[in-house]
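So the chains spell out like this:
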Amino acid sequence: MQEIRWEDPLCAEGNNCFRLGTDADGNGYIAVLGEEDRHLTNSRDALRNLIREIKAGKADHLL
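Here's a quick rundown of the structure. (Residues numbered from 1 in each chain as written. Predicted model: local features only at pLDDT ≥ 70, side-chain atom pairs only at ≥ 80, totals over all residues. Heavy atoms only, no water.)

## Focus: helix H1 (residues 44-55)
Part 1 of the argument: Counted at 1.5 Å a residue, the expected span for H1 with its twelve residues is 16 Å, and the 17 Å between its end C-alpha atoms agrees.
Part 2 of the argument: Downstream of H1 by one or two residues, Gly-57 has phi in the positive range, about 85°. (Helix = DSSP H or I, 4+ residues; strand = E, 2+ residues; numbered from the N terminus. Expected span 1.5 Å × (residues − 1).)

Okay, structure coming up:
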């Protein structure tokens, strides 16, 4: 498994924090702070899951 280099968390007042990361091959990742082991990668499933999280109010500050 590739090592992911995580950036500082993106947080907004009253919202969950998210982290963005990249690996040596340039793939992108996004994860909820503290749950980096359950990250999403660039795929249809990742987009579908991100939309579900936004609709659930977990990522509204990213819009």
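What follows continues from the structure just given.
## Here's the deal with the side chain of Glu-36
Part 1 of the argument: With respect to the helices and strands, Glu-36 occurs in the loop between strand E3 (28-32) and strand E4 (40-41).
Part 2 of the argument: On the basis of relative accessible area, Glu-36 is assigned to the buried category, the value being 18%.
Part 3 of the argument: For Glu-36, the side chain forms a polar contact with the main-chain nitrogen of Gly-34, separated by 3.1 Å.
Part 4 of the argument: Not counting chain neighbours up to four residues away, the residues in contact with Glu-36 comprise Trp-6, Arg-19 and Ala-31. (Buried < 20%, exposed > 50% of the residue type's maximum accessible area, 1.4 Å probe, protein only. Polar contact = N/O pair within 3.5 Å; in protein donor to acceptor, adjacent residues only side chain to side chain. Contact = heavy atoms within 4.5 Å.)

## Considering the state of the cysteines
Part 1 of the argument: This structure, assessed with the given rule, holds one disulfide.
Part 2 of the argument: With a sulfur-sulfur separation of 1.9 Å, Cys-11 is cross-linked through a disulfide to Cys-17. Looking down the S-S bond of the Cys-11 and Cys-17 bridge, the torsion is 125°, so its handedness is right-handed. (Disulfide = S-S within 2.5 Å.)

## Examining the sheet that holds E3
Part 1 of the argument: Spatial ordering of the open sheet is given by E1-E2-E3-E4, a layout of four strands whose pairing is antiparallel. Here the strands that pair on one side only, and so sit at the sheet edges, are strand E1 (5-6) and E4.
Part 2 of the argument: Two strands pair when backbone bridges link them, and E3 and E4 are joined in this way by two bridges, in the antiparallel orientation. Pairing of Tyr-29 across the sheet is with Thr-41, part of E4. (Pairing = 2+ DSSP bridges.)

## What to know about the pairing of strand E2 (residues 18-22)
Part 1 of the argument: With two bridges connecting them, E1 and E2 associate as antiparallel partners. Of the residues in E2, the one forming a bridge with Arg-5 is Thr-22.
Part 2 of the argument: In terms of strand pairing, E2 meets E3 through five bridges, oriented antiparallel. When the bridges of E3 are listed, Gly-21 appears paired with Tyr-29.
Part 3 of the argument: Linking E2 back to E3 in an antiparallel pair, the connection comprises five residues, with Gly-26 at a positive phi of about 85°.

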